[in-house]
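The chain contents come next:
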Amino acid sequence: VEKGLVEVDASGRTVRLPAPDGFCYPRTGVMTSESSAFLMLQPCAGDRSKGVYSMSVARDGLFGGAQPDEAMFGEFRAFLETSDGARQLGLDAGSGAVFLLETHYADGALYALAQDASAAQLSVSRTIICRAFTELNGRMTIISFIPSKDDTRGAEDLRAELTKVVKALKAANVQAGV
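Each value, and the rule that gives it
- Residues numbered from 1 in each chain as written.
- Predicted model: local features only at pLDDT ≥ 70, side-chain atom pairs only at ≥ 80, totals over all residues.
- Heavy atoms only, no water.
- Helix = DSSP H or I, 4+ residues; strand = E, 2+ residues; numbered from the N terminus.
- Buried < 20%, exposed > 50% of the residue type's maximum accessible area, 1.4 Å probe, protein only.
- Contact = heavy atoms within 4.5 Å.
- Areas by Shrake-Rupley, 256 points an atom, 1.4 Å probe, with all protein chains shown as cover.
- Salt bridge = Lys/Arg side-chain N within 4 Å of Asp/Glu carboxyl O.
- Disulfide = S-S within 2.5 Å.
- Core = buried A, V, L, I, M, F, W, Y, C linked by side-chain atoms within 4.5 Å.
- Pairing = 2+ DSSP bridges.
- Arc of directions from axis to C-beta.
- Polar contact = N/O pair within 3.5 Å; in protein donor to acceptor, adjacent residues only side chain to side chain.

Novice: Let's hear about the overall build of the protein: which residues, and what values?
Specialist: From N to C terminus, the protein includes 3 helices and 10 strands. Each of the 178 residues in the protein was classed as buried or not, and the buried ones make up 42%. For the protein, the share of sequence-separated contacts (at least 6 apart) that also reach a separation of at least 24 residues comes to 50%. In the form shown here, the protein has an accessible surface area of approximately 8800 Å², with 48% of it arising from carbon and sulfur atoms.

In structure tokens:
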């Protein structure tokens, strides 16, 4: 595992995951199974005020084998707007104490911001969870950011940070020819 870059072999397809600025992949933060890889990132300098990032890569595409389009993301957005869908955005994915704040689709990614009022909170974070759903090299990739308690940015600024990370991920996979 390289400090600022992880390459995941997702059923024969390589997905490159450069870490966001100021974040690193610790060796203990990479977990794999037959169906996915989960990667937890931490601030390189140990600064907990930066928040928490994670990335998940599945062995399949976001919509099976279909090439994602805006209509498919629209159906996914409609699901997230239901109580069952919003629950999936939380840390425990089952308490019912998760509330969707907003969704936004742009450039092949669906962004969702939710408030998690469940008991599964991290001691150093806010109750806001920012997630992006996209495909990298035909593999479902979920990027999550949970801001620290000291982070006072609003939804638009949090989504802008996550958008910057998604664009960097997409560029790294295009540049690598994967």
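Novice: Hey, could you go over the pattern of salt bridges for me, with residue numbers and the actual values?
Specialist: Under the criterion given, the structure shown has 6 salt bridges. When the shortest N-O distance is used, the salt bridge between Arg159 and Glu102 registers 2.7 Å. You can see Arg159 sitting in helix 3 (residues 155–175) and its partner Glu102 sitting in strand 7 (residues 98–106), a full 57 residues away along the chain. Residue classification places Arg159 among the buried residues on the basis of a relative accessible area of 18%. Glu102 gets classed as partly exposed once you look at its relative accessible area, which sits at 22%. A salt bridge links Arg153 to Glu161; its shortest N-O distance comes to 2.5 Å. On the basis of relative accessibility, which here comes to 18%, the residue Glu161 falls in the buried class. Several salt bridges converge on common partners, so that one network encompasses Asp151, Arg153 and Glu161.

Novice: So what's going on with the state of the cysteines? Which residues, and what values?
Specialist: Each disulfide is one covalent bond, formed between the sulfur atoms of two cysteines. Inspection of every chain in the model, using the stated rule, returns 1 disulfide. The disulfide partner of Cys24 is Cys44, and the S-S distance across this bridge is 1.9 Å. What sets the handedness of the Cys24 and Cys44 disulfide is the S-S torsion sign, and at about 100° it is right-handed. Placement of the pair is Cys24 in strand 3 (residues 23–24) and Cys44 in the loop between strand 5 (36–43) and strand 6 (52–58), with a sequence separation of 20 residues. For Cys44, a relative accessible area of 40% gives the class partly exposed.

Novice: Please set out the nonpolar core residue by residue, giving values where relevant.
Specialist: With 28 residues, the main nonpolar core has Leu17, Met55 and Ile143 as its most contacted residues. When contributions to this core are tallied by element, the ones reaching two or more residues are strand 1 (5–10), strand 2 (13–18), strand 5, strand 6, strand 8 (109–116), strand 9 (128–136), strand 10 (139–146) and helix 3. Counting residues per element, this core draws most heavily on helix 3, which supplies 5 residues. Not counting chain neighbours up to four residues away, the residues in contact with Met55 comprise Leu17, Pro18, Pro20, Tyr25, Ala37, Phe38, Leu39, Leu41, Ile142, Ile143, Val165 and Leu169. In terms of nonpolar packing, the next biggest core, distinct from the first, is built from 11 residues, Phe73, Leu89, Phe133 and Ile142 among them.

Novice: An account of the pairing of strand 6 is needed here, citing residue identities and associated values.
Specialist: The buried fraction of strand 6 is high, at 6 of 7 residues. Sheet topology places strand 5 next to strand 6; 6 bridges connect them, and they run antiparallel. Of the residues in strand 6, the one forming a bridge with Leu39 is Met55. Pairing of strand 6 with strand 10, which is carried by 6 bridges, proceeds in the antiparallel orientation. Residue pairing across strands places Val52 opposite Ile146, the latter belonging to strand 10.

Novice: Please give an account of helix 1 (residues 70–80) that cites residues and values.
Specialist: Buried within helix 1 we find Phe73, Phe76 and Leu80. One side of helix 1 holds all its buried residues, which, seen down the axis, span an arc of 60°. On its buried face, helix 1 sits against helix 2 (83–87), strand 7, strand 8 and strand 9. The distance from a side-chain oxygen at the start of helix 1 to the backbone nitrogen of Ala71 is 3.1 Å, and the residue carrying that oxygen is Asp69.

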